[in-house]
Amino acid sequence: MQLETIKRDLKAVLTEYFDKITFPENGIFVLGCSSSEVSGAWKGTSSRLDVGQTIIDVLISFLKPRKIYLAVQGCEHINRALLVEREVAEKHDLEIVSVVPAIHAGGGTQVAAYQQMSDPVEVEHITAFGGIDIGGTEIGMHVKFVQIPVRMTHRKIGAANVVGLVSRPKLIGGERAMYQFSEANYKEIN
């Protein structure tokens, strides 16, 4: 798989994703990525650092100007722990765990992120506002409830399928609950 193709595909996905949603400043964006799937192989069978580096480079160029924090989900061999900057872990009171990524335990994308972060740490769980899943890595466990898929026309990066997720507050209440504030909210019922 050509790295320029991966770069082009990811830029298209991220442009569409951020055009469709409003991501909060200082929010956490979770990336799940199988570099094996991007390269056309089965998850966990062909991790590639060059693919991970390409993806992290492009992603950081989108997140940094938007003041959005990055969390990179690792593979099942480190229980899907997430790599973040220590500052993010401390600011969000995230529990730091004792593991570092390796090409076959964490994956090529997490190793690439580790190399680029200034003070990376692994955390066990986060509640991100949203993110993208490249290659079926199942990021939903790390996106706050209620998750909403972001429907995109760009659905592939390399050979991998892509799904975008965002979240919204829960709609709670019963038959009298209202979800928009208007004149009806303060009218007395006879």
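Predicted, not measured: the structure shown is a model, and the values here were computed from it.

Of regular secondary structure, the protein chain possesses five helices and nine strands. A buried classification covers 45% of the 190 residues belonging to the protein chain. Excluding contacts between residues fewer than 6 apart, the proportion of contacts in the protein chain whose partners are at least 24 apart in sequence is 70%. Per element, the accessible surface of the protein chain, about 10600 Å² overall, is 50% carbon and sulfur. Of the side-chain charges in the protein chain, 20 are positive and 22 negative, and the distance between the mean point of each set is 6 Å.

Tallying each qualifying case throughout the model produces seven aromatic pairs. Clustering of aromatic rings is evident, with ring pairs tying together Y17, F18, F23, F29 and F129. Geometry around W42 places K43 over its ring, the cationic atom sitting 5.4 Å from the centre. Over the ring of F18 we find R66, and its NZ or CZ is 4.6 Å from the ring centre.

Moving on to the nonpolar core. Within the largest apolar cluster, 35 residues are counted, with the highest numbers of intra-cluster contacts made by Y17, F29, L31, I132 and I134. Of all the elements, helix α3 (residues 49-63) adds the most residues to this core, at seven residues. Discounting residues that sit within four places of it in the chain, I134 has contacts with L10, L31, G32, C33, S34, V38, I55, I157, A160, N161 and V162. In terms of nonpolar packing, the next biggest core, distinct from the first, is built from 16 residues, Y69, V88, A89 and L165 among them.

A few words now on the environment of V166. Looking at where V166 falls in the secondary structure, it is placed in strand β9 (residues 160-167). Ignoring anything within four residues of it in the chain, the contact list for V166 reads Y17, I21, F129, G130, V143, V146, Q147, I148 and V150.

Glancing now at the pairing of strand β2 (residues 69-73). The buried count for β2 comes to five of five residues, which makes it a mostly enclosed element. Alternating residues of β2 divide into Y69, A71 and Q73 and L70 and V72, and every residue in both groups is buried. The sheet contact formed by strand β1 (residues 28-33) and β2 spans five bridges and is parallel. Across the sheet, the residue bridging to G32 is Q73, located in β2. The pairing of β2 with strand β3 (residues 82-85) spans two bridges and is classified as antiparallel. When the bridges of β3 are listed, Q73 appears paired with L82.

The geometry of α3 relative to helix α5 (residues 108-116) is characterised by a closest axis approach of 7 Å and an angle of 55° between their N-to-C directions. By the angle between their axes, α3 is oblique relative to α5. The chirality of how α3 crosses α5 is right-handed. Of the residues in α5, those in contact with L49, G52, Q53, I55, I56, D57 and I60 of α3 are G108, T109, V111, A112, A113, Q115 and Q116. Grouping the amino acids of the contact of α3 with α5 by side-chain chemistry returns seven nonpolar, six polar and one charged.

Procedures and definitions
- Residues numbered from 1 in each chain as written.
- Predicted model: local features only at pLDDT ≥ 70, side-chain atom pairs only at ≥ 80, totals over all residues.
- Heavy atoms only, no water.
- Helix = DSSP H or I, 4+ residues; strand = E, 2+ residues; numbered from the N terminus.
- Buried < 20%, exposed > 50% of the residue type's maximum accessible area, 1.4 Å probe, protein only.
- Contact = heavy atoms within 4.5 Å.
- Areas by Shrake-Rupley, 256 points an atom, 1.4 Å probe, with all protein chains shown as cover.
- Lys, Arg positive; Asp, Glu negative; His and termini not counted.
- Charge placed at Lys NZ, Arg CZ, Asp CG, Glu CD.
- Phe/Tyr/Trp six-rings, centres within 6.5 Å; stacked < 30°, edge-to-face > 60°.
- Lys NZ or Arg CZ within 6 Å of the ring centre and 35° of its normal.
- Core = buried A, V, L, I, M, F, W, Y, C linked by side-chain atoms within 4.5 Å.
- Pairing = 2+ DSSP bridges.
- Axes fitted to C-alpha atoms, helices over the stretch in contact; angles between N-to-C directions.
- Parallel < 35°, antiparallel > 145°, perpendicular 65-115°, else oblique.
- Left-handed = near helix turned anticlockwise from the far one by under 90°.
- Nonpolar A, V, L, I, M, F, W, Y, C, P; charged D, E, K, R; others polar.

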